[in-house]
Amino acid sequence: DAKTTQPNSMESNEEEPVHLPCNHSTISGTDYIHWYRQLPSQGPEYVIHGLTSNVNNRMASLAIAEDRKSSTLILHRATLRDAAVYYCIRGRGKLTFGQGTILTVHP
Amino acid sequence: EPEVTQTPSHQVTQMGQEVILRCVPISNHLYFYWYRQILGQKVEFLVSFYNNEISEKSEIFDDQFSVERPDGSNFTLKIRSTKLEDSAMYFCASRNRGQLYNSPLHFGNGTRLTVT
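What you see is a predicted model; the values in this text were computed from it and never measured.

J.: Where do I start with the interface of chain A and chain B in this structure?
T.: A common way to express how large an interface is: the accessible area buried when the components associate. Taken together, the contact between chain A and chain B spans 18 residues of the former and 17 residues of the latter. Summed over both sides, the interface of chain A with chain B buries roughly 1,600 Å², with 56% coming from carbon and sulfur. Among the residues chain A hides against chain B, the three largest losses belong to A:P44, A:K94 and A:F97. Together they make up 30% of the total. Along the contact surface separating chain A from chain B lie one salt bridge. Put simply, B:E56 and A:K94 hold a salt bridge, and the shortest N to O gap is 2.9 Å. At the boundary of chain A with chain B, the tally comes to five residue pairs in polar contact (both at pLDDT 80 or more).

J.: Mind showing me how you'd approach the sheet that holds strand β5 (residues 55–56) of chain A here?
T.: The pairing of strands in a sheet comes from backbone hydrogen bonds and takes either a parallel or an antiparallel form. Residues and elements named next belong to chain A. Within the open sheet, the four strands sit side by side as β2-β7-β6-β5. Their pairing is antiparallel. On the outer flanks of this sheet lie β2 (18–23) and β5, each paired with one strand and no other. By the bridge criterion, two bridges tie β5 to strand β6 (residues 61–64) in an arrangement that is antiparallel. Following the sheet pairing, N56 is matched in β6 by S61.

J.: When you look at the state of the cysteines in this model, what are you seeing that I'm missing?
T.: Defined simply, a disulfide is a covalent bond joining two cysteines at their sulfur atoms. Across all of its chains, the model carries two disulfides over all chains by this definition. Linked covalently through their sulfurs, A:C22 and A:C88 form a disulfide whose S-S length is 2.0 Å. Its S-S torsion of approximately -80° makes the covalent link between A:C22 and A:C88 left-handed. Of this pair, A:C22 sits in strand β2 while A:C88 sits in strand β8 (residues 84–91); the two residues are 66 residues apart in sequence, bridging distant segments of the chain. The pair formed by A:C22 and A:C88 is uniform in burial state, with each residue classed as buried. Paired through a disulfide, B:C23 and B:C92 show a sulfur-sulfur distance of 2.0 Å. Given an S-S torsion of about -65°, the disulfide between B:C23 and B:C92 has left-handed geometry. In this pair, B:C23 sits in strand β3 (residues 19–24) while B:C92 sits in strand β9 (residues 88–96), placing the two residues 69 residues apart along the sequence. Residue classification places B:C92 among the buried positions, given a relative accessible area of 0%.

J.: Help me understand the sheet that holds β8(A), please; the structure alone is not making it clear to me.
T.: Residue and element names in this part refer to chain A. Pairing is mixed in the open sheet, where five strands are placed in the order β1-β9-β8-β3-β4. Lying at the two open borders of the sheet, with one neighbouring strand each, are β1 (9–13) and β4 (45–50). The mean angle between the axes of side-by-side strands here comes to 25°, regardless of whether they run parallel or antiparallel. Strand direction decides the pairing type here: β8 and strand β9 (residues 101–106), joined by three bridges, are antiparallel. Residue pairing across strands places A84 opposite L103, the latter belonging to β9.

J.: Help me understand the packing of aromatic side chains in this model?
T.: For any pair of aromatic rings, the description consists of the separation of the ring centres together with the inter-plane angle of the planes. For the coordinates displayed, the defined rule picks out 14 aromatic pairs over all chains. The interplanar angle of 65° and the centroid separation of 6.2 Å between the aromatic rings of A:Y36 and A:F97 together place this pair among those described as edge-to-face. Here A:Y36 is found in strand β3 (residues 32–38), whereas its partner A:F97 is found in the loop between β8 and β9, with 61 residues between them in sequence. The two residues A:Y36 and A:F97 agree in class, both being buried. With centroids separated by 5.6 Å and ring planes inclined at 70°, the aromatic side chains of B:Y35 and B:F45 adopt a geometry described as edge-to-face. With B:Y35 in strand β4 (residues 29–37) and B:F45 in strand β5 (residues 43–50), the pair connects residues that are 10 residues apart, well separated along the chain. Pair check on accessibility: B:Y35 and B:F45 agree, each one buried. Here a set of aromatic residues connected by ring pairs shows up, and it is made of A:Y36, A:Y46, A:Y87, A:F97, B:Y33, B:Y35, B:F45 and B:F107. Sitting above the plane of the B:F45 ring, A:K94 keeps its charged end 5.2 Å from the centroid.

Rules and cut-offs
Residues numbered from 1 in each chain as written. Chains lettered and ligands numbered in written order. Predicted model: local features only at pLDDT ≥ 70, side-chain atom pairs only at ≥ 80, totals over all residues. Heavy atoms only, no water. Contact = heavy atoms within 4.5 Å. Buried area = accessible area lost by both parts, 1.4 Å probe. Salt bridge = Lys/Arg side-chain N within 4 Å of Asp/Glu carboxyl O. Polar contact = N/O pair within 3.5 Å; in protein donor to acceptor, adjacent residues only side chain to side chain. Pairing = 2+ DSSP bridges. Helix = DSSP H or I, 4+ residues; strand = E, 2+ residues; numbered from the N terminus. Disulfide = S-S within 2.5 Å. Buried < 20%, exposed > 50% of the residue type's maximum accessible area, 1.4 Å probe, protein only. Axes fitted to C-alpha atoms, helices over the stretch in contact; angles between N-to-C directions. Phe/Tyr/Trp six-rings, centres within 6.5 Å; stacked < 30°, edge-to-face > 60°. Lys NZ or Arg CZ within 6 Å of the ring centre and 35° of its normal.

Below, the structure written as structure tokens:
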């Protein structure tokens, strides 16, 4: 049980921002929020993670709600290479993957 | 950038045969994992390994499965007697020692196991 809820799919246009939502209403105080993505025929790839504060890295930004019951992964300018399944995972130690969100990026 | 490497990329075996899937984790990492993904399904946790012993395993990881770190660089998954339902992509992953709970998992690109 991944204990997060994500939309099954989302679509975006190239070079536009993408906001991928995730609900984790039962998150505990010590659980991190992790985002991974899986491109076709590849293994999962780390994107970003955070605990309480918003986080930025070269790939994306992570906005965490004040009550930590939801978060949003932000891709600032989607490219065709960003088309993938995006997984929002909460926890510590081992990661439990859910179904994720299939992101389609249109040229 | 260092990466996790897995060999072979594709393994075909007959039902009942033993297979060994090999992984070379990132060199300074000390926590190792195996996951699998049946075609069209979720990525599923199999086992985690630290300090030369299993730290956690899932229900999938039954007596047919074993893991080993035979030397300082390789991490292997053995399936003793393969079944048709073992057909899947098997992913190895590793993470470094520091900040255990917030260090990223680094995954390999997987071994596709086909059991006929």
